[in-house]
Amino acid sequence: MRKNRSRESKPGAARRRVPTRIAGVRSVDALIVVVGAVLYSIAWPTLSVTHHVSGPLMPIVGALAAFPFVLIRVNPALGWAVSALSALVIPVAFDRTPGYDYPWQVVHILVLLALLFAVALRSPPAVLLLAWLASMLVFFAYMPGSDGVGWSVGLTAVVVFGLLIRWLVLSRRQLARQEEVSELERTRRTVLEEKAKIARDLHDVVAHHMSMVVVQAQSAPYRLDDVSEAAALEFASIGATAREALNEIRGMLGVLRSDGQQWQDAPAPNALDLERTLHASRKAGMDMRWSITGPIESISETTGLALYRILQESLSNAARHAPEAPVTVDITVTPSNVVMTVVNAPSPNIGVGRVAGADTGGHGIAGMRDRARAAHGWLFASALPDGGFEVAVHVPHGLPTSAAPLVTDELA
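Residues numbered from 1 in each chain as written. Predicted model: local features only at pLDDT ≥ 70, side-chain atom pairs only at ≥ 80, totals over all residues. Heavy atoms only, no water.

K.L.:
How do you make sense of the overall build of the protein chain when you look at a structure like this?
P.N.:
Along its length, the protein chain carries ten helices and six strands. Counting all 412 residues of the protein chain, 33% fall into the buried class. Put simply, of all contacts in the protein chain between residues at least 6 apart along the chain, 72% involve residues at least 24 apart. When the accessible surface of the protein chain is totalled, it reaches about 24,500 Å², and 63% of it is carbon and sulfur. (Helix = DSSP H or I, 4+ residues; strand = E, 2+ residues; numbered from the N terminus. Buried < 20%, exposed > 50% of the residue type's maximum accessible area, 1.4 Å probe, protein only. Contact = heavy atoms within 4.5 Å. Areas by Shrake-Rupley, 256 points an atom, 1.4 Å probe, with all protein chains shown as cover.)

Written out as C-alpha cells, the structure reads:
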C-alpha cells in the first residue's frame, strides 16, 4: 500500500516542484536586488569619506560601485566588466581623501570579488581566465605597496574556490543523470521480464496445443483405418495450416522474449503472401475465387502486413460463420492505393442472421479496423441483404504514378 501511494503521488509532486522552483528563483532575484540597494545606500553616503567627488557625481560613482552586483545571476561576466572598468577609471578621475589608502570603496571591492566568484561558477573558461588575469593586473596596478601581491593571491583563491564548487555541482548533476539512466534501464528490464512471462504463458497455452494439432493431423492417416484420400488431404491441409500458425506464434514469442531486435530475423508477412494464403484456404476446402489486379510486389511492408492480417481474419470468419459458402476476394493495386474486398455468400447450412463477421462478442472486426487505421486507411464491414457478408479495405501504398499496373487474374 505504501508503494502504491508513493507512485500515485509522483505526478502531483512533479506539478508542485515547478511552481516551487519558480518561486525560489524569484526570491533569489528579489534578494539580489535588495542587497544591491543596501550596498548602494552604503556606497553613496560614504563616498565623500574615501574620495573627493562633487555632489552631482556622487550618486553616479556610488552606482558604479554597487549596482553591477545586480547582474550577478543574470550575467556575471557583464557585471564584472562594468565593475572592473569603473575600477580603472575611479582612481584616475578622483583623488582619495587623506588617510584612506585603498583606490576604491570597500563596497566596490566586495562587489568586484563577488562578481569574480560568480564568473568562476558560471562563465566559460576563456571568460574566467580573462577576468582573473585582468583583476590581478588591476589590483597590482592600484593597490599601495606590496598589497597587490596579497590581493592577487586572494583573487586566485576566490577563483579556485568557485571552480571547486562548480565542479562539485557538475559532478552531482552527472551523477543524477546517471541515476536516471539506471532507473530507466531497470524499468526496461522489468518490461522485458514481463514480456518474457507473457511469452512463457502463451507458449504453454497456445503453442503446446497447436503442436498437438500438427502431430494429430500428420499421424491421423497412420493411426486410423480406412482413411480416404480426400480425408488424408484434409488432414495434410490441417497440419500445414497449423504449422504455419505455430511458426507465426513462435516468431511473436521471440519478439516478446527479446527487446524487439529479433523481429528483423524473422520477416513479417507481406503482400506477396496474400496469394499463398488464398491457395492455402482453397486447399483447406473453402470455395475460393479471387482476382489480383496491379503490381502487388510494389505494396509496402506495413501495408502488406495489414492486408495479410485482414485477409486472414476475413477468411477465418467466413470459414467459421459461413461454412461451405463461396468466398470472393478482389485485390486492386492502383498508383496511389490498394483496395481489397472479401465477400462471402450465405452458408447453405446456416440460416440468415448468422453470417461471417457478425458480432459474436469477439474483436475480429475491431482488430481489422485498427490494422487499416495503422496503415493510414479505412475498413468497411457489413452484412449483405442476401445474408452474406462483405469486408472492404482501402489503404495507401505510395506506388509512383509513373508505374504501369499489371493485371494478373485467377478465377476458380
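Next comes the rest of the description.
K.L.:
Just checking my understanding: could you explain helix α4 (residues 106-122) for this structure?
P.N.:
Note that an α-helix has 3.6 residues per turn; residues three or four places apart therefore point the same way. The terminal C-alpha atoms of α4, which comprises 17 residues, lie 25 Å apart, in line with the 24 Å expected from a rise of 1.5 Å per residue. Among all positions in α4, only Val107, His108, Ile109, Val111, Leu112, Leu113, Leu115, Leu116, Ala118, Val119 and Ala120 are buried. (Expected span 1.5 Å × (residues − 1).)

K.L.:
Which parts of the structure should I look at to understand a nonpolar patch on the surface?
P.N.:
Taken together, the side chains of Leu57, Ile60, Leu64, Leu78 and Val82 make up a nonpolar region of the molecular surface, amounting to roughly 380 Å² of accessible area. At the level of elements, α2 (58-66) and α3 (76-93) are the ones that each hand at least two residues to the nonpolar patch. Within the fold, isoleucine 60 resides in helix α2. (Patch = residues over 30% accessible without salt bridge, like charges linked within 9 Å, V, L, I, M, F, W, Y side chains within 5 Å. Salt bridge = Lys/Arg side-chain N within 4 Å of Asp/Glu carboxyl O.)

K.L.:
What should I look at first to understand the layout of surface pockets in this one?
P.N.:
The gaps of empty space that remain are located by a probe, the size of a water molecule, rolled over the atoms. A volume near 680 Å³ is recorded for the largest pocket. Together, 25 residues line the largest pocket, and Thr241, Glu244, Ala245, Gln312 and Ser316 are the ones closest to its centre. In terms of residue count, the dominant contributor to the lining of the largest pocket is helix α7 (residues 229-256) (ten residues). For the lining of the largest pocket, the class distribution of residues is 14 nonpolar, six polar and five charged. What lines the second largest pocket is a set of 13 residues, and nearest its centre among them are Leu121, Arg122, Ile165, Val169 and Arg173. Mapped onto the lining of the second largest pocket, the elements with two or more residues apiece are α1 (2-50), α4 and α6 (147-223). Looking at the lining of the second largest pocket element by element, the count peaks at five residues for α6. For the lining of the second largest pocket, the per-class residue count stands at nine nonpolar, no polar and four charged. (1 Å grid on protein atoms, 1.4 Å probe; cavity = no way out; pocket = protein on both sides within 12 Å on 5 of 7 lines; lining within 4 Å. Points joined across faces, edges and corners; volume = space filled by probe spheres on them. Nonpolar A, V, L, I, M, F, W, Y, C, P; charged D, E, K, R; others polar.)

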